[in-house]
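# Architecture and fold: a report
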Amino acid sequence: MSDQALLQLLQHAGDDKQPVLLILDEHDSVLPPPQHPQSRALSNRFDICTSARRQGWLCSFSDFLLTAELMQGCRRALYRVSKEKRVVEHVMQSLWQLLPVTGELHCAGYKGEGIKTFAKRAAAAWDCELSLERGDGNLHLYTFTKNSERAEPLQVGDYHALQAIAAWQGCQVYSKPGVFAWDRFDAGSVCLLDYLPKLLAQADRQQQRALDLGCGSGLLALALAQAGFREVVATDNNAAAIRACEFNLQQLATTQQVQVIADDCGMSLRGNFDVILCNPPFHQGFEVEQTLSDRFLEAALRVLKADGKALFVVNSFIPLERKAAAWFGKVEKVADNKLYKLVLLGHS
Ligand SMILES: C[S@@+](CC[C@H](N)C(=O)[O-])C[C@H]1O[C@@H](n2cnc3c(N)ncnc32)[C@H](O)[C@@H]1O
């Protein structure tokens, strides 16, 4: 489903006379092509970036590394606010610093997503003029016009710094804002890891390849590497997750092959895996997104070896078994603690 806030923001502040810088988080939309040939975009999501490029946008992929080069020639920045507070603060703050005096920052979001609070805080921290227009469905479209370089920071701390979260089997795990469950181990993933010794009981891991599909900070990938697989591949759509996962896996000084790949539902993965672990997403931005778990199942089906095993963890109420039964010969619920369940999948 297209994100209407993003489309309305583009209608409201897009420009054919001068280039704009458009910041895209996970809000999904088929964008109209850029109105000005020098307009550009940046996204922290691989799928959104690919789709923007398809529509003719010059789009870079990074964890919101906002640079002067990116802003060069743009007097307008457009941002549909993200879900996470720390991300919004970082993006608004960085865009503000990069905009030239008289430049404009346009931000859009719905009431209930915190946009009013962000606008209030920014107006108090910056020397700016602020105007508000309302769009459909309680959409708030704010325009901040920069009067001078004077500004108080909106955020505390360095958005890009990786932070120690907790240790897993003696190995410190790091994460950062912008990554799923970045300040803790996700309870679903821990539930899956508790079952891992049983899953791997008879595996000849030194000969085998394992995959963490939707790796986040890479806790599952780390456990697979610790378990001694010959090769461990981890993949995610989110640039922040890729960075955290790479960092976490690099800490293990091993001779195993370890690879972290930015990708949309593992579409570029080649070859087959003996073991796949997955804690699939079921939110995209502020929306519940059912089709993502279907796409994760399809990806697992495509890259699972004929005698391989895929273990998914989902909230207990999600009908994963019913969905999986359409594709997999073997579908077995192997644990359920009423909050999370583990579903084991195989070709037969
Ligand atoms: C529920 S989280 C699990 C993260 C991690 N495995 C853990 O256990 O903490 C799901 C992950 O899927 C990623 N994701 C969402 N959409 C994706 C897509 N289209 N392709 C690949 N990964 C995606 C999210 O960025 C997130 O890291």
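Predicted model, so just to flag it, every value in this text is computed and none were measured. (Residues numbered from 1 in each chain as written. Predicted model: local features only at pLDDT ≥ 70, side-chain atom pairs only at ≥ 80, totals over all residues. Heavy atoms only, no water.)

### Let's talk about the sheet that holds strand β11 (residues 231–236)
To be explicit about the condition: Following DSSP output, two strands are said to pair if at least two bridges run between them. Strands here are runs of E lasting at least two residues and helices are runs of H or I lasting at least four, both read from the DSSP assignment and numbered beginning at the N terminus. Think of each axis as a best-fit line through the C-alpha atoms, taken over the contacting stretch in the case of a helix, with angles from 0 to 180 degrees between the N-to-C directions. A contact between two residues is defined here by any heavy atoms of the two lying within 4.5 Å.
The seven strands are arranged β12-β11-β10-β13-β16-β18-β17 in an open sheet whose pairing can be described as mixed. Looking at strand neighbours, the two that pair on one side only are β12 (257–262) and β17 (330–336), the edges of this open sheet. Averaged over all neighbouring strand pairs, the angle between strand axes comes to 15°, with direction disregarded. As defined by bridge partners, strand β10 (residues 209–213) adjoins strand β13 (residues 273–278) across four bridges and the pair is classed as parallel. When the bridges of β13 are listed, Leu213 appears paired with Cys278. This element, helix α6 (residues 187–199), spans β13, β16 (304–315), β17 and β18 (340–346) of the sheet and lies at about 145° to β16.

### Side note on the packing of aromatic side chains
The condition is simple: Aromatic rings from Phe, Tyr and Trp, taking only the six-membered ring of Trp, are treated as a pair when their centres fall within 6.5 Å; an angle between ring planes under 30 degrees marks them as stacked, one over 60 as edge-to-face, and anything in between as tilted.
Using the criterion set out here, one finds seven aromatic pairs in the structure. Taking the centre distance of 6.2 Å and the plane angle of 75° together, the rings of Trp168 and Phe185 count as edge-to-face. Note that Trp168 is positioned in strand β8 (residues 163–168) and Phe185 in the loop between β9 (171–175) and α6, a separation of 17 residues in sequence. Their ring planes at 80° and their centres at 5.0 Å tell us that Tyr174 and Phe247 sit as a pair that is edge-to-face.

### Focus on the pattern of salt bridges
What counts here: Salt bridges, as used here, are contacts in which a Lys or Arg side-chain nitrogen is within 4 Å of a carboxyl oxygen on Asp or Glu. Each residue gets one of three labels from its accessible area relative to the maximum for its type: buried under 20%, exposed over 50%, partly exposed in between, using a 1.4 Å probe on protein chains only.
Summed over all chains, the structure comprises 21 salt bridges. In this structure, the salt-bridge partner of Arg121 is Glu89, at a minimum N-O distance of 2.9 Å. Here the residue Arg121 occupies a position in helix α5 (residues 115–125), and Glu89 occupies one in helix α4 (residues 85–98), the gap between them amounting to 32 residues. The partly exposed category is assigned to Arg121, whose relative accessible area is 31%. The closest approach of N and O atoms between Arg184 and Asp183, which form a salt bridge, is 3.1 Å.

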